[in-house]
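# Structure at a glance
So you can see what is in the structure, the chains are spelled out below.
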Amino acid sequence: MKSLIALIISLFSFTTVLAQTGSNQTEVKNDVILKLNGDELKGKITQINDSEVKFIYTGETLEYTIKKSDIFRITHSSGRVELINSPNTNQNQAVANTQNNVDRRNKIAILPFAFIRDSESSGEEMSYKVQNEAYAFLTSHSAGYTIIDPRTTDALLIKAGMTRDKMAGFTMDEICKVLGVEYIIDGTVSINRGVATSSTSGGATIKKENDQKTKASGSSTTVSAQTYITTITLNVFNDKNTSLFNETHRALLASTDGSYATTLHYLLKRTPFYKK
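Remember, predicted model here, so these are calculated numbers, not experimental data.

Below, the discussion takes up the overall build of the chain. Helix and strand content of the chain: 6 helices and 13 strands. Summarising the internal contacts of the chain: among those between residues at least 6 apart in sequence, 56% fall at separations of at least 24. Looking at the chain as shown, the accessible area adds up to about 17,600 Å², and 50% of this sits on carbon and sulfur atoms.

Listed below in structure tokens is the structure:
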């Protein structure tokens, strides 16, 4: 009887240990590597360099080396996600090769403008807005040239990984080849606060009391306005990476609404493409 009781206690203790071990294992978070071919690898990343990732599978000790060119995404055990490559790398290369074989003569692409307000980026919305305004203006004044519509331009840039934040990593001739154009228009809009102005207006009324005393009363109104200084830089490059036009223009008059269209049109009229 004592032996049976001892056996039951031993089995209970062993089961408890297994449950605790399984619970601890589920709490361990792995690094997860998702490859471009869809394979998912779980384990521990021991090292990352410019071209390779060192990796150990969960429950093993052997260290493997994985090329970063084969990896789409790494999800670290902390939860941080690191994008290594676009899943459409082969597609992007095919797009680039196709564009290389296209006749690029007299074709123009307008890149999303950098838009800076008070020394800080205003984000993609304003970048695309200025790009579309430049396209709308130049399409009416550029006979003999074909201007690629911004939607097509932006789609090709995104597929090739040439987003605005990564644009500095590519030469203009590389961008021309991806977009299938001979010319690129690139620019920066900078709007900064100027002086704050105020004006006061008012009047007075004189009243007579008993034909002897006078009394003056009046009112005034003060109007305040914030002014803005607009500066635009415009660049034109060709598919040989040659700068054809580079000019910066500051608005002659400060505005109270931060408008930039007049300054933009002024510079576009001076590009090699403008025709009345």
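This part takes up the pairing of strand β5 (residues 71-75). Relative to β5, strand β1 (residues 31-35) is paired through 4 bridges, and the arrangement is antiparallel. Opposite K35, over in β5, you have I71 as the bridge partner. Connecting the antiparallel pair β5 and strand β6 (residues 81-83) is a turn made up of 5 residues, with G79 showing a positive phi of about 100°.

Turning our attention to the nonpolar core. Membership of the largest hydrophobic core comes to 24 residues, with the highest contact counts inside it found for F113, I185 and V189. Elements represented by at least two residues in this core include exactly β7 (107-110), α3 (124-139), β11 (183-209), β12 (213-238) and α6 (261-268). Once residues lying within four places of it in the same chain are set aside, the contact partners of I185 are I108, A109, I110, L111, L138, L234, N235, V236 and F273. In terms of nonpolar packing, the next biggest core, distinct from the first, is built from 15 residues, A109, M172, V178 and L179 among them.

Our next topic: α3. The first and last C-alpha atoms of α3 sit 22 Å apart over 16 residues, in line with the 22 Å expected at 1.5 Å per residue. Taken together, the buried positions of α3 are occupied by S127, V130, Q131, A134, F137 and L138. Here the buried residues of α3 occupy an arc of 130° about the axis, which is enough to place them on one side. Exposed positions of α3 whose direction lies more than 90 degrees from the buried face are E124 and E125.

The 6 strands lie next to each other as β4-β3-β2-β1-β5-β6, forming an open sheet whose pairing is antiparallel. Of all the strands in the sheet, the pair left with one neighbour each is β4 (63-67) and β6. Going across the sheet, the axis of each strand differs from the next one's by a mean of 40°, ignoring polarity. Relative to β4, strand β3 (residues 52-57) is paired through 5 bridges, and the arrangement is antiparallel. The partner of I56 across the bridge, within β4, is E63.

Procedures and definitions
- Residues numbered from 1 in each chain as written.
- Predicted model: local features only at pLDDT ≥ 70, side-chain atom pairs only at ≥ 80, totals over all residues.
- Heavy atoms only, no water.
- Helix = DSSP H or I, 4+ residues; strand = E, 2+ residues; numbered from the N terminus.
- Contact = heavy atoms within 4.5 Å.
- Areas by Shrake-Rupley, 256 points an atom, 1.4 Å probe, with all protein chains shown as cover.
- Pairing = 2+ DSSP bridges.
- Core = buried A, V, L, I, M, F, W, Y, C linked by side-chain atoms within 4.5 Å.
- Buried < 20%, exposed > 50% of the residue type's maximum accessible area, 1.4 Å probe, protein only.
- Expected span 1.5 Å × (residues − 1).
- Arc of directions from axis to C-beta.
- Axes fitted to C-alpha atoms, helices over the stretch in contact; angles between N-to-C directions.

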